[in-house]
Amino acid sequence: QVQLVESGGGLVQAGGSHGLSCAASGNIGSINAMGWYRQAPGKQRELVATISTIGNRNYADSVKGRFTISRDNIKNTVNLQMNSLKPEDTAVYYCNAKVGVRAVYNVWGQGTQVTVSS
């Protein structure tokens, strides 16, 4: 079993910066890619950024150039640095881990609210 716990949500002014962190515990060795997703009110959950075990990164077009995902395989954390925040970045942010080898499944954190005020 893998557990994910996010931290760092809060209220930020537009144009500001903020960071999120996610700590993984449990069967760490079974984790493959990790990432961040977000869900705004009335919208579907969407991908924000992912990072593979070897550091390959993928970003949603809406956050490219503003957000940076990083991963510490020793501390078992994945972080999201968010710069130049916009009100449309307001959402609940969820940490995600792809777990398993032959059968891969998703593990989610509980979510953390990020609110960007204009």
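Provided above is the structure to which this section pertains.
Structural notes, computed from the coordinates.

Criteria and cut-off values
- Residues numbered from 1 in each chain as written.
- Predicted model: local features only at pLDDT ≥ 70, side-chain atom pairs only at ≥ 80, totals over all residues.
- Heavy atoms only, no water.
- Salt bridge = Lys/Arg side-chain N within 4 Å of Asp/Glu carboxyl O.
- Helix = DSSP H or I, 4+ residues; strand = E, 2+ residues; numbered from the N terminus.
- Buried < 20%, exposed > 50% of the residue type's maximum accessible area, 1.4 Å probe, protein only.
- Disulfide = S-S within 2.5 Å.

## Let's talk about the pattern of salt bridges
Oppositely charged side chains can form a pair if their charged atoms are brought close together.
Moving on, step 1. Taken as a whole and assessed by the stated rule, the structure comprises four salt bridges.
Moving on, step 2. Linking Asp89 and Arg38 is a salt bridge whose minimum nitrogen-to-oxygen distance equals 2.9 Å. Separated by 51 residues along the polypeptide, Asp89 in the loop between β8 (77-82) and β9 (91-99) and Arg38 in strand β4 (residues 31-39) bring together distant segments of the chain. Comparing Asp89 with Arg38 shows no difference in burial state: the two are buried.
Moving on, step 3. Residue Asp61 is joined to Lys64 by a salt bridge in which the shortest nitrogen-to-oxygen separation is 3.2 Å.
Moving on, step 4. Residue classification places Asp61 among the exposed positions, given a relative accessible area of 66%.
Moving on, step 5. One network of salt bridges, in which partners are shared, links Arg38, Glu46, Arg66 and Asp89.

## A closer look at the state of the cysteines
Moving on, step 1. One pass over the structure, following the stated rule, counts one disulfide.
Moving on, step 2. Here Cys22 is linked by a disulfide to Cys95, with a sulfur-sulfur distance of 2.1 Å. Across the disulfide from Cys22 to Cys95, rotation about the S-S bond amounts to roughly -85°, and the bridge is consequently left-handed. One end of the pair, Cys22, is in strand β3 (residues 18-26); the other, Cys95, is in strand β9, and 73 residues separate them in sequence.
Moving on, step 3. Overall, the relative accessible area of 0% leaves Cys95 in the buried class.

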